[in-house]
Amino acid sequence: MNILSWIIQIIFVPLVSPLCIGIIKKTKAKFQNRQGANIFQPYKDLWKLFHKDEVISSEASWIFKFAPFIIFAVTILVGASIPLISPYIQNTLTSDLLVIVYLLSIGTFFLALAGMDTGSAFGGFGSSREMTVAALAEGGFIFSLLAIALVSGTTNLSAITSASMFNHSQSFLSVILAAIGFFIILLAETGRFPFDNPATHLELTMIHEAMILEYSGKRLALIEWASANKLVIFIALAVNIFFPFGVATSFATGAVIIGLGAFLIKILIMCLIIAILESGIAKLRFFRLPDLLAVSFILSVIAIGLIN
Amino acid sequence: MLEIITSQISFFGLLLIFFIGSAFSLLVQKNDRAANIVSSLFAITGSLYGLIFSICLILTGRTLLITSHSASFPLLSMSFHLDLLAAFFIFVISLIALFCSIYGFGYIKHYFKQYNIGALGFFYNLNIASLILVVTAANGLFFLIAWELMSITSYFLVVYERNDKKNISAGYLYLIMTYVGTIFIMLSFLLLFKYTGSFDFAIIKANIALVPRIIKDIVFIFALIGFGTKAGIIPFHIWLPAAHPAAPSHYSAILSGIMIKTGIYMMLRLFLDILQPIPIWWGLTVLIIGSISALLGVLYALTEHDIKKLLAYHSIENIGIIMLGLGSALAFYSLNLPSLALLGLMAALFHTLNHAIFKSLLFLSAGSVINEMHTNNMEKYGGLIKFMPHTALFFLIGSMAISALPPFNGFFSEWLTFQTLFQGIRQLQFSSQWIFIFATGSLAFTGGLALACFVKAFGATFLARPRTTEVTKAKESNFSMLLGMGSLAVLTLLFGLFSGYLTTIFEKIGQDFSIFKNVSSLSSVLGFQSLSTNNNFASVSAPAIFVGLIIATLLAVIVTKYFINRKQKLVEGATWDCGTDLNGRMEITATGFSRSIVLIFKGILKPSIQHEVEYHDAENRYLPKSSAVTLSVSNVYQIYFYQPLSTSINKLSLRVKNIQSGNINAYISYIFLALIIALFSIL
């Protein structure tokens, strides 16, 4: 089961991510009283985009052409590094919480540069907004994970997950507060309500969509796929770091299967929560977002203060 | 062989190379080309030799103690002490000076027939020699002489482009701030002399128990102000954003990469070595100052659109990060946690080296851009990546390193700093714990904001369409400039990849401090160069990250290019323009990019916006003739620190003026009074 666990670990994120997008879209459609597309539609979209011809702006430099590959590669590497179904894959090389945070920053960095590269006003403002949100989210991101790291006595994410939930019992409040803080960061980093509207192409509201406006064909497919991967990465972090129920505790076949099942159910629940939230609340004005991110940071700081 | 390289003679030989270089460049100053060749050749040879010399010292762990007493000046002795810390700083100086000199050889060419090249070579070589003297001097008075030599030579380099009025005033500000700093340094040395009876660092250290506690605290505050002014901590940093843009670019790199680090060097020397044992609040103060410098440095960098000022503010930010390592080292040692203190020191040393490398890389590539564009203003750039592709790549690498993106070197020293601070949160009690939380928070936000700032700097300079026609005339830099930048770019990656091995060397340097004898930092290097700290509290492997990224990127490229579809076409088209004609003025500017962050931090940055509209007819204001919008930010330290300071000094001077009545009888009575007071104080 060892090798199988490794294979699952590496291909899980890119394999499942379009499905998550499909589930969220379907749920939102139901809330809007629509039929909605099949939950497997995102796979078909990716397939279609990969086979289309591309139009690239004549202003674009190699940054624009190369960015989708590095953005996608970063999500693959991070997806393979974080604890998914079995934290017993002890990864002491790339699984540090700061490594994960700063690796994801590489993706943000290149995405923002690509947004500026074509010289479109939309792209530039999208990059500016994205970097603003990303910069302010950094504190909450590091601190919410740090709270759990301090509870578990390590900053290695797979080691954090393998520490049993019951060890945390005296720091229960800290874990909950940090989890709320992290959930806000999840919404910010993956461009969800109330930070960004993933469904809109209206220039006043968009952040992520503005940056990728000039992309088409296979590069667009890579970027869409990468942002889906990022969503799954954040969901996986949220459910496995803060609520590590059911993760496989050994390489036995049964344990791995239970781990996989539990993980899929947890992802499904998170997708539903995000979809319900997006159907229920409105997008915040851009200059209200720092307040929300500050809330996330302060919650995490309180969580750290409550430990001991 | 090693014996010869690490001998006294060899050290004096090293200094001699630079002195000869400076003398010879003056001799041949009539001929620009010859002066450039001579000064660069000696600087390059000297730095190369310094590199070998310092590496041999560090690897063999040998220390050199050179003392010479002269009878005529009993207090001043030309003595040197080359311990591992000094050797490390000689290494940093030589490394950066080497590549800056290689770059300078090509860069100086544009000064031909404009300025005196011989004088540049003279001051440049003398400055490098004085930097080496500063970090090796073992006597307070001798140190001050070296310090002055460094300040004076760097002043003349800052005002080198003297035809520009702005440079002269920048140099003036630099000179004032340097002397204010030096006064505080002198005061702290004099205080130490009063109680220990010597200027010799070793004797002061041996007799430190004789210094009363309150005096030690005063010495700490004076030294912090004095050396902090050189290092550029907020609020004593105001000379940095003025002096860096003024200096020639290859010297800006040295200014920011090395010279401000001499302040850090002396803080390490004084606080961790000479003045030990120290109270805990020293460390916590350094931590708070470091956090504020880091955060404010990056915020002011965001407001800048002068590319060199932006980089200068980032120097302040990075000095703040180094101070976080130093501050936690001080605090941990006072709290009797020597292993963690050693870890903090290692983080500070590592970040000193890394910042020197990536900041000089950034200054050099910014210098190449300015050389072609003839302006520092980023709003006049745009699209340079097509005209200067190599420079763009080097600036990109520098940006990634300074934004702490793995696998470049900046990430690993920030990682070590983070890990040190985490331990502070984990192991300390209430009040110190909260200061560590504050420091960690400021480091986290600094990282995010620095990333935003470098997206802005790179995007506005190199991407999108040219904003002026000047851009289209830009040409790629010449070979020696590219060689200087390229080598530094390679080093940012190499020093990242071998971060595991390097930390063992930093541990060795740290253990050379007498307080860290036989202390282990609890960090170790395992397989894959994986660096782990605090008994596996955390671990990271640079090669694994690098290889992982390369494999994943290659996989993505190969799969999309060769497996999924090989037939699809790639069409070039115009950027979607909503039916208008897109031009350079429609893309986002550097100011616009950071405007939202500036507005979010309006409590600190105090942005203002002024509209000026001129009407054809002032009576009925319907037809505007011209309109202008001025965006600006005001500096809090200027409003709350420097302005009150200058007004109070002015007021005091006016008061003091009253005693100058012009009446000679009054003056005689003053002399009489002074005499009586002097007599009483002697009795």
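Residues numbered from 1 in each chain as written. Chains lettered and ligands numbered in written order. Predicted model: local features only at pLDDT ≥ 70, side-chain atom pairs only at ≥ 80, totals over all residues.

A.B. asks: Sorry if this is basic, but what is going on with the overall build of chain B here?
C.D. replies: Across its full length, chain B holds 24 helices and eight strands. Relative to the compact-globule value of 26 Å for 683 residues, chain B shows a C-alpha radius of gyration of 27 Å, a close match. When its C-alpha atoms are laid out on the principal axes, chain B stretches across 95 × 75 × 65 Å. Burial statistics for chain B: of 683 residues in total, 54% are counted as buried. Here the contacts in chain B between residues at least 6 apart in sequence split such that 77% fall between residues at least 24 apart. (Helix = DSSP H or I, 4+ residues; strand = E, 2+ residues; numbered from the N terminus. Rg over C-alpha atoms; globule rule 2.2 N^0.38 Å. Buried ≥ 20, exposed ≤ 12 C-beta atoms within 10 Å, placed from the backbone. Contact = placed C-beta atoms within 7 Å.)

A.B. asks: Could you clarify how one ought to interpret the overall build of chain A in this entry?
C.D. replies: Looking only at helices and strands, chain A features 11 helices and one strand. When the helices and strands of chain A are listed from N to C terminus, the series reads α-α-β-α-α-α-α-α-α-α-α-α. Against the globule reference of 19 Å for 308 residues, chain A gives a C-alpha radius of gyration of 19 Å, in line with a compact fold. With respect to the principal axes defined by its C-alpha atoms, chain A has extents near 55 × 45 × 40 Å.

A.B. asks: Mind showing me how you'd approach the interface of chain B and chain A here?
C.D. replies: Quite often, the size of an interface is put as the accessible area lost when its parts meet. With 66 residues of chain B at the interface, the matching set in chain A holds 66 residues. Those elements giving two or more residues to the side of chain B that touches chain A turn out to be helix 16 (409-427), helix 17 (430-462), strand 4 (530-533), strand 5 (538-541), helix 20 (542-564), strand 6 (570-573) and helix 21 (590-600) of chain B. It is helix 17 of chain B that contributes the most residues to the side of chain B that touches chain A, 12 residues altogether. A breakdown of the residues in the side of chain B that touches chain A according to their chemical character gives 41 nonpolar, 19 polar and six charged. Relative to strand 6 of chain B, strand 1 (residues 54-57) of chain A is paired through four bridges, and the arrangement is parallel. In the sheet register, Val55 of chain A faces strand 6 of chain B, and the bridge partner there is Val571 of chain B. (Nonpolar A, V, L, I, M, F, W, Y, C, P; charged D, E, K, R; others polar. Pairing = 2+ DSSP bridges.)

A.B. asks: When you look at the domain arrangement of chain B in this model, what are you seeing that I'm missing?
C.D. replies: Assigned domains within chain B: domain 1 (284-536), domain 2 (599-634) and domain 3 (641-682). Between the C-alpha centres of domain 1 of chain B and domain 3 of chain B the distance comes to 48 Å. (Domains from an automatic or database assignment.)

A.B. asks: I keep staring at helix 14 (residues 338-373) of chain B and nothing clicks. Help me out?
C.D. replies: A turn of α-helix holds 3.6 residues, and therefore any two residues three or four places apart point the same way. Taking 1.5 Å per residue, 36 residues should reach 52 Å; helix 14 of chain B reaches 51 Å between its end C-alpha atoms and fits that length. Judged by how many residues are buried, helix 14 of chain B sits mostly within the fold: 33 of 36 residues are covered. (Expected span 1.5 Å × (residues − 1).)

A.B. asks: Explain the environment of Pro14 of chain A here, please?
C.D. replies: All names here are of chain A. Note on placement: Pro14 falls in helix 1 (residues 2-31). Given 18 C-beta atoms within a 10 Å radius, Pro14 is considered partly exposed. Remark: the alpha-carbon pair of Pro14 and Gln32, spanning 18 residues in sequence, is separated by 28 Å. With residues near it in sequence (within four places) discarded, Pro14 still touches Ile76, Gly79, Trp225 and Asn229.

A.B. asks: What am I meant to see in the packing of helix 13 (residues 307-334) of chain B against helix 14 of chain B here?
C.D. replies: The geometry of a pair of packed helices is captured by two quantities: the angle between their axes and the separation between those axes. Contact geometry of helix 13 of chain B with helix 14 of chain B gives a least axis separation of 7 Å together with a crossing angle of 170°. Considered as vectors, helix 13 of chain B and helix 14 of chain B are oriented roughly antiparallel to each other. (Axes fitted to C-alpha atoms, helices over the stretch in contact; angles between N-to-C directions. Parallel < 35°, antiparallel > 145°, perpendicular 65-115°, else oblique.)

A.B. asks: What is the right way to look at helix 18 (residues 479-497) of chain B in this model?
C.D. replies: Between its first and last C-alpha, helix 18 of chain B extends 27 Å over 19 residues, near the 27 Å set by a 1.5 Å rise per residue. Each element contacted by the buried residues of helix 18 of chain B is listed here: helix 4 (84-107), helix 14, helix 15 (389-402), helix 16, helix 19 (499-511) and helix 20 of chain B.

A.B. asks: What should I look at first to understand the packing of helix 1 of chain A against helix 3 (residues 62-81) of chain A in this one?
C.D. replies: Residue and element names in this part refer to chain A. Contact geometry of helix 1 with helix 3 gives a least axis separation of 8 Å together with a crossing angle of 130°. Viewed along their axes, helix 1 and helix 3 adopt a mutual orientation that is oblique. The two elements helix 1 and helix 3 meet at a crossing, and its hand is right-handed. Taken together, the residues of helix 3 that come into contact with helix 1 (itself represented by Gln9, Ile10, Val13 and Pro14) are Thr75, Ile76, Gly79 and Ala80. (Left-handed = near helix turned anticlockwise from the far one by under 90°.)

A.B. asks: Please explain the nonpolar core as it appears in this structure.
C.D. replies: Considering soluble globular proteins, one finds that nonpolar side chains tend to be buried as a cluster. Core analysis: the biggest nonpolar cluster contains 348 residues, and Leu113 and Ala238 of chain A together with Ile96 of chain B have the highest contact counts within it. In this structure, this core is formed jointly by two domains, domain 1 (284-536) and domain 2 (599-634) of chain B, each of which donates at least three residues. (Core = buried A, V, L, I, M, F, W, Y, C linked by C-beta atoms within 7 Å.)

A.B. asks: Hey, could you run me through the sheet that holds strand 3 (residues 524-526) of chain B in this one?
C.D. replies: Two strands in a sheet stick together by hydrogen bonds in their backbones, pointing the same way (parallel) or opposite ways (antiparallel). Residue and element names in this part refer to chain B. An order of 3-4-5 is seen for the three strands of this open sheet, with the pairing classed as antiparallel. One side of each edge strand has no neighbouring strand; the edge strands of this open sheet are strand 3 and strand 5. Shown here is a sheet whose adjacent strand axes are inclined to one another by a mean of 25°, direction ignored.

A.B. asks: Can you help me understand the environment of Tyr615 of chain B in this one?
C.D. replies: All names here are of chain B. Counting through the fold element by element, Tyr615 comes out in strand 7 (residues 607-615). For the pair formed by Tyr615 and Phe418, sequence separation is 197 residues and the distance between their alpha carbons is 56 Å. When residues no more than four places from it in sequence are discounted, the contact partners of Tyr615 are Arg621, Leu623, Pro624 and Lys625.

A.B. asks: Teacher, can you tell me more about the environment of Met373 of chain B here?
C.D. replies: Residues and elements named next belong to chain B. Along the chain, Met373 turns up in helix 14. Given 21 C-beta atoms within a 10 Å radius, Met373 is considered buried. Excluding residues within four positions of it along the chain, Met373 makes contact with Lys380, Tyr381, Glu470 and Ala474.

A.B. asks: Can you help me understand unusual backbone geometry in this one?
C.D. replies: Residue Phe193 of chain A is joined to Pro194 of chain A through a cis peptide bond whose omega torsion reads 0°. Along the chain, Pro194 of chain A falls in the loop between helix 7 (172-189) and helix 8 (208-211). For the bond from Pro406 of chain B to Pro407 of chain B, the omega torsion is 5°, close enough to zero to count as cis. Position of Pro407 of chain B relative to the elements: it lies in the loop between helix 15 and helix 16. Backbone geometry places Lys113 of chain B, a non-glycine residue, at a positive phi of 70°.

A.B. asks: Can you walk me through the confidence of the model for chain B in this structure?
C.D. replies: Segments scoring low in pLDDT should not have their predicted coordinates read at a detailed level. Per-residue pLDDT for chain B has a mean of 89; in total, 98% of the residues score no lower than 70. Across the interface, the model reports ipTM at 0.95; the global pTM reads 0.94. (pLDDT = per-residue confidence, 0-100.)

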